Amino acid sequence: MLFPGGAGRPLSLNLTHQAPPWREEYKGQVNLHVFEDWCGGAVGHLRRNLHFPLFPHTRTTVKKLAVSPKWKNYGLRIFGFIHPARDGDVQFSVASDDNSEFWLSPNESPAGAQLVAFVGKTGSEWTAPGEFTKFSSQVSKPRRLMASRRYYFELLHKQDDHGSDHVEVGWRAFLPGLKFEVIGSAHISLYTDESALKMDHVAHVPQSPASHMGLGLRQEEPRADMLRPDPRDTFFLTPRVEPSSLENVLEPCAYAPTYVVKDFPIARYQGLQFVYLSFVYPNDHTRLTHMESDNKCFYRESPLYLERFGFYKYMKMDREEGEEDEEEEVQRRAFLFLNPADLLDDDEDEGEPPDGLEPTRASARWASQAPSTLRFPAAAPTQAPATPGPPTPPRRSRALNWAAHPLPLFLGRAPPPRAAAERPPPKVYVTRVRPRLRAPPRALAPLSPRGPPWSPFTGVFLRPRPLPRVQLRAPPRPPRARGRRTRPQATELRPLARAPATQGSQEGQARAPGLTAPTADSNSSSEAQPVTSFLSLSQVSRPQLPGEGEEEEEEEEGDDDEEGAPGDEAASEDSEEAAGTSRGRWREDAIDWQRTFSVGNVDFELLRSDWNDLRCNVSGNLQLPEAEAVDVVAQYMERLNARHGGRYALLRIVNVEKRRDSARGSRFLLELELQERGGRRLRLSEYVFLRLPGARAGDTDGDGESPEPAPAASLRPDGRPELCRPLRLAWRQDVMVHFIVPVKNQARWVVQFLADMAALQVRTGDSRFSVILVDFESEDMDVEQALRAARLPRYQYLRRTGNFERSAGLQAGVDAVEDASSIIFLCDLHIHFPANILDGIRKHCVEGKLAFAPVVMRLGCGSSPGDPHGYWEVNGFGLFGIYKSDFDRIGGMNTEEFRDQWGGEDWELLDRVLQAGLEVERLRLRNFYHHFHSKRGMWGTRSRKTPGKEVP
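I'm lost on the overall build of the chain in this one. Help?
Assigned secondary structure in the chain consists of 15 helices and 36 strands. Looking at the chain alone, contacts between residues at least 24 apart form 79% of all its contacts between residues at least 6 apart. Of the roughly 44,300 Å² that the chain leaves accessible, carbon and sulfur atoms contribute 49%.

Structure follows, in structure tokens:
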């Protein structure tokens, strides 16, 4: 197998020691392999590509070691032989944008290649074309070469999405004054001829230390919590308790949840609104916490609000006894001066994601429009339905189920709620003084300790080196005495007065407060009318600033570090105004490093609803409270030991899944590790039902009979609900699973998929699955031959003619399955499966009752299963498991409407599955990924040349 570890890398390096036979006609060009649509600017990012180095997107040749395709997000591997012109010492140098590495072997064997020159390691380094001496790492040490020999070389290059892409290798004889020259066609030759080989022929591709460097040699701490070991990942290997031993543990009961919409008319694609999520215990760490710096949609406020203000709303700063709170009020008011144009309104663009919008950014935008998002921090949290598309049944909010009243964790620090009719201000309000006539410096009275105290210039906070634009922060503290300077009196923080309404603020107090700006000699506002605008310090003339130019008569002439002499003030006024500086008259705010605060217990997990959350694609599975999970397990263990006389002891709660029905009760999937008397460890994995007192369950066969009341045995003496065994809700451990995949011209992905499937059988020992490939006349490989060569327990090859049709391909694969009591899994080609995928499909598919649509994590460009960065595909239902009998009963795939297109056929199938009375289990699976892949050239499409851009 090419990849014994599935999508991982083999730990042992399979280096190529013997080069293939060489021919004279190979001279004049070298092999070039292109890996397209892969992000990052470092060669290390190229090595993370799943198909590097064996399966490039393009195989071609190049006639000199200087390439610039004028493209983006690609990686190059150029390899072949160098033929020196003469004997002697030679120096090599490499230049590129972005990183590159040049490897050279002391002979013709790829296994002996050594790194001799490189540009950068992190992806942020680059050089201009022909800039061969920018970094010391670019130039190699002198190497002795002979003209009678050929030397294997390898050039790796990675280009990101910006910059002028190029990579070139130069050489020179080791003599003073010589310059590097690009290695041309006269001194290079092919490693081998690939023109007649198909894409799945990879035995000739050299594997050198350059292509395997650092892979599988070091174990790093995983970035994502989902990569850490979890008992769920391998629990399927534990022997299961015989189902016959569990039949009489609980009383049987009918199971017909109220959210099943059998025979209910559903509008087109409205089935998305009838899919509910299950709660999970313990935490499976499927929440993408390592990505929330890019997407904060999980939290209450909008991402724009959190980016600007953080989480200070949830903190209550501690105050020392007797400390005044006027300054805190000023900080709070300045803190709330937002620009509403930056925060999206609740009723703006509430719909499905627009086409072409990047998934992560799009989800952040939708989350900013969520009903739980605050348009203005002063607004009270509200709760309103925000379901896009067709109407839905009355239920909780689809995004986050927030309480309708302020929570205790906010600690009362938020301002009072605004009235419903009020609207936020249309702009940011900062008050400045209206310019007046300039007065000579001598007209300004010196500021003395006995003089009136100056008031802070409200809305503008001066610094020794002011920023280009005013920061909305608290007013500065009074400056301290330095040298022989006079220290002004302490600032009196007075209550803020609202400014008269201006043209920009006609609503008075209903708008954001305008703040008056007292002058240095008077607190009256008669000479200084407030003006609302953005303000930078370069717009403020010196006489406008309180205290400017006022100095003590005893100022030393030499002490001008912070302030010039009085006589120089007028002369330097214009230059200071242009530079936007007050020359340090005011000092920076003091930082209180000992400030402490109080917080409440914040648990946003408990505020989420069980609706299919389409607004946030980084949140994981819903978390089940520990007390509820332990209570259900305790009840079941009590009944189990009562039935078997204490034969089993509970070792660990591995997994509990809950599907809630507020009208009749909750369904649980219990997965427990038990210790049998005698020492054997067993696995218990069963569905149970916790019926609510007085709940009535309809007839599950749908014969129209009236609902039957709950039997008395299902209630405890104290009236609390008790567990029962739901009828016809038992899953089969040995059922056959068929993976159905339509393919066309995807050779490297077909080989990878077959290798993963073979590795799955080796890792699990489970042979109760088959692979069905529906091939639409692939030309880049022999798919049937690859199936026969793969080590699969069972497989089928189906060949279809014509254009690629996903719906028709899936239906053809289903029709090839003869056993109606087996599970079909409609699958994609670019999937990385966890080891427990077979067990997960079987557990969540029950004939006539349950279908399974696991949520896959879609990896981003440049991301890999070892370093996952992407988002959960919460909108997609293309990966779907269902019993064949149920699939046939609902009519199969819609092959007429989706004949020449795909996209939407999974939603249309979901509508009919729900109308047939089936539940659809929706869970995020650990280590379940959709690989990022290039869409160029897929399904036999041809690339078009656009003017001004060359397509490689």
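Would you mind going over unusual backbone geometry with me for this structure?
Of all residues except glycine, most have a negative phi; of all peptide bonds, most are trans. Here the amide bond leading from Phe52 into Pro53 is cis, since omega sits at 5°, within 30 degrees of zero. Residue position: Pro53 is located in the loop between α1 (43-47) and β2 (58-62). Omega for the bond connecting Tyr281 with Pro282 falls within 30 degrees of zero, at -5°, which places this linkage in the cis form. Structurally, Pro282 can be placed in the loop between β14 (279-281) and α4 (303-309). Phi angles above zero are rare outside glycine, and Asn927 is one such case at about 55°. You can call Asn927 buried: its relative accessible area is 17%.

Please explain the pattern of salt bridges as it appears in this structure.
All chains considered together, the criterion is met by 36 salt bridges. Among the ionic pairs, Glu154 bridges to Arg77, the shortest N-O distance being 2.7 Å. A residue pair is termed long-range when its members are at least 10 positions apart, and Glu154 in strand β9 (residues 151-159) and Arg77 in strand β4 (residues 74-82) qualify at 77 residues. Judged by relative accessible area, which is 0%, Arg77 ranks as buried. Of the charged contacts in the structure, one is a salt bridge between Arg228 and Asp225, with a shortest N-O distance of 3.4 Å. Bridged by salt links that share partners, the residues Arg659, Arg667, Glu919 and Glu921 form one connected network.

Before we go on, may I ask you to explain the environment of Val261 in this structure?
Among the structural elements, Val261 can be located in the loop between β13 (252-253) and β14. For the pair Val261 and Glu919, spaced 658 residues apart in sequence, the C-alpha separation works out to 8.9 Å.

Explain the pairing of β9 here, please?
Within a regular strand, the side chains alternate between the two sheet faces. Of all nine residues in β9, nine are buried, a share of seventy percent or more. Side chains of β9 alternate between two faces, with Tyr151, Phe153, Leu155, His157 and Gln159 and Tyr152, Glu154, Leu156 and Lys158 buried alike. Pairing of strand β6 (residues 100-104) with β9 involves five bridges; the strand directions are antiparallel. Across the sheet, residue Leu104 finds its bridge partner in β9, namely Phe153.

It is not clear to me how the nonpolar core should be interpreted in this structure. Could you clarify?
Core analysis: the largest hydrophobic core is formed by 47 residues, its most contacted members being Phe739, Phe753, Leu754, Met757, Leu773, Phe833 and Ile841. Contributing elements (two or more residues each) for this core: β26 (737-743), α10 (747-764), β27 (769-775), α11 (783-789), β29 (823-826), α13 (837-843) and β36 (924-930). Broken down by element, the residue count for this core peaks at nine residues, all from α10. Ignoring any residue separated from it by four or fewer positions in sequence, one finds Phe833 in contact with Phe739, Phe753, Met757, Phe825, Cys827, Asn927 and Phe928.

What counts and how
- Chains are numbered independently. Their residues run from 1 in the order of the written sequence.
- Confidence filtering applies because this is a predicted model: local features only for residues at pLDDT of at least 70, side-chain atom pairs given and counted only at 80 or more, and all residues used for totals across whole chains, interfaces and linings.
- Working from all heavy atoms in the structure, the side-chain values ignore hydrogens and water.
- A helix here means a DSSP run of H or I that spans at least four residues, while a strand means a run of E at least two residues long, and both kinds are numbered starting from the N terminus.
- Should any heavy atoms of two residues lie within 4.5 Å, those residues are counted as being in contact.
- To measure how exposed things are, a 1.4 Å probe is used in the Shrake-Rupley method; for residues, cover is taken only from the protein chains shown.
- Only protein chains enter the accessibility calculation, which uses a 1.4 Å probe; a residue whose area is less than 20% of its type maximum is buried, one above 50% is exposed, and one in between is partly exposed.
- Criterion for a salt bridge: a side-chain nitrogen of Lys or Arg within 4 Å of a carboxyl oxygen of Asp or Glu.
- Strand pairing follows a simple DSSP-based rule, namely that at least 2 bridges must link the two strands.
- By nonpolar core we mean a set of buried residues, namely Ala, Val, Leu, Ile, Met, Phe, Trp, Tyr and Cys, connected to one another through side-chain atoms within 4.5 Å.

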